[in-house]
Amino acid sequence: MEIYFGSARINEKGGVSGGAPGDQKQTSTPDMKGEVAIEKFYVHKLGWYIVRAKKAAHARQIGVSMNRACNNANIGYDQGTYRLGVVKYGTGATVKTGADCGSLVRRCVIEATGKDPGNFNTGTEVKALLNTGLFDLVQYTGRDCLREGDILVTKTQGHTGVIVSAPTASDGTTVTDAKDVYYMAYCNGKWQDEVRGLEDYAGIENKAISGVMVRVPNHTVSVRVRRRGTSNYLDWATGYDRNDSNNGYAGILGKPIDRLQMKMAGGHIMYRVSYVGSTAYLPWVTDATDYAGLNGKDIDKIQVCLK
């Protein structure tokens, strides 16, 4: 599986200041070409430091926030007038503003931890993050050491960003292509074909999912969802039967969901989702330690595997 890195890169003029607010180069989601965008991981010529959150939940949310910012056309690149706009308005900004690579990472940390590491540049970033007491400095030994939510900082002043998608989740659990997990999603007015492991995904791009069921032979899998626009999860479901609305699947058919949780007796289950309007997946979740999804965003694709 590929590893993807999100960051604020360069403005529409190919420079660092003087551009218009908002991302003038974003044309689609996931945004792989914009001023603030996702790209395949690469080894920077200046080398990488890894700054990793001590709490996996913080790391995962840092990845979620960076993913949101990269796919938000209201956030462009700027080291001048709009540099701190993202700090003020957040990664879900609804007004056109800007960020540079450091201020964007700063905002992701604030959203994930509730603590502001303060204003920094890439030359002072590592110290600023470590001073919060929430991070560890990890040696980069190759791409296999990277986890979702890792903050990467060049060893001398240059660039910074966040790993938004990787085979290793924020808690260190490595994704495997387990063939003995099966799952289905209800969308577009019917149950879609069953998916096995990571051979495909359940759902249809840009079609809201309202029902989910998962099975693993010889294990009990519990699934629950939250309907968009509500504050509470529906009850856990442990069955695998499209005709059983009580326990055969999670959800109310026809009512889109924006959160998903799973857990499995006697093992660990991993899952991730994308949401309508973005083909990029959010970071992996392991068991019910967190949830997959974004508040208010209809889930349209699901992938499930085992540890």
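Residues numbered from 1 in each chain as written. Predicted model: local features only at pLDDT ≥ 70, side-chain atom pairs only at ≥ 80, totals over all residues. Heavy atoms only, no water.

**Let's talk about a nonpolar patch on the surface**
Here's step 1: Among the surface-exposed residues, Tyr49, Leu130 and Leu137 lie close enough to one another that they form a single nonpolar patch of about 230 Å² accessible area.
Here's step 2: Following the sequence through the fold, Leu137 ends up in strand 6 (residues 135-138). (Patch = residues over 30% accessible without salt bridge, like charges linked within 9 Å, V, L, I, M, F, W, Y side chains within 5 Å. Areas by Shrake-Rupley, 256 points an atom, 1.4 Å probe, with all protein chains shown as cover. Salt bridge = Lys/Arg side-chain N within 4 Å of Asp/Glu carboxyl O. Helix = DSSP H or I, 4+ residues; strand = E, 2+ residues; numbered from the N terminus.)

**Structural notes on the environment of Leu282**
Here's step 1: Take Leu282: it is sitting in the loop between strand 17 (269-275) and strand 18 (285-286).
Here's step 2: In this structure Leu282 comes out as buried when scored by relative accessible area, which is 2%.
Here's step 3: Sequence separation between Leu282 and Val51 is 231 residues; the distance between their C-alpha atoms is 20 Å.
Here's step 4: When sequence neighbours within four positions are dropped, the list of residues in contact with Leu282 reads Val64, Asn67, Arg272, Val273, Tyr275, Gly293 and Leu294. (Buried < 20%, exposed > 50% of the residue type's maximum accessible area, 1.4 Å probe, protein only. Contact = heavy atoms within 4.5 Å.)

**Concerning the pairing of strand 9 (residues 182-187)**
Here's step 1: Burial of strand 9 is extensive: six of the six residues sit out of reach of the surface.
Here's step 2: Relative to strand 11 (residues 195-196), strand 9 runs antiparallel, the two being bridged by two bridges. Across the sheet, Tyr182 pairs through a bridge with Arg196, a residue of strand 11.
Here's step 3: Strand direction decides the pairing type here: strand 9 and strand 13 (residues 209-215), joined by six bridges, are antiparallel. Note that in strand 13 the partner of Met184 across the bridge is Met213.
Here's step 4: As paired strands, strand 9 and strand 10 (residues 190-191) are joined by two bridges and run antiparallel to one another. Bridge pairing in strand 10 places Cys187 opposite Lys190.
Here's step 5: The hairpin formed by strand 9 and strand 10 contains two residues between the paired strands, and Asn188 there has a positive phi angle of roughly 55°. (Pairing = 2+ DSSP bridges.)

Remember that the coordinates give geometry; whether it matters functionally is a separate question.
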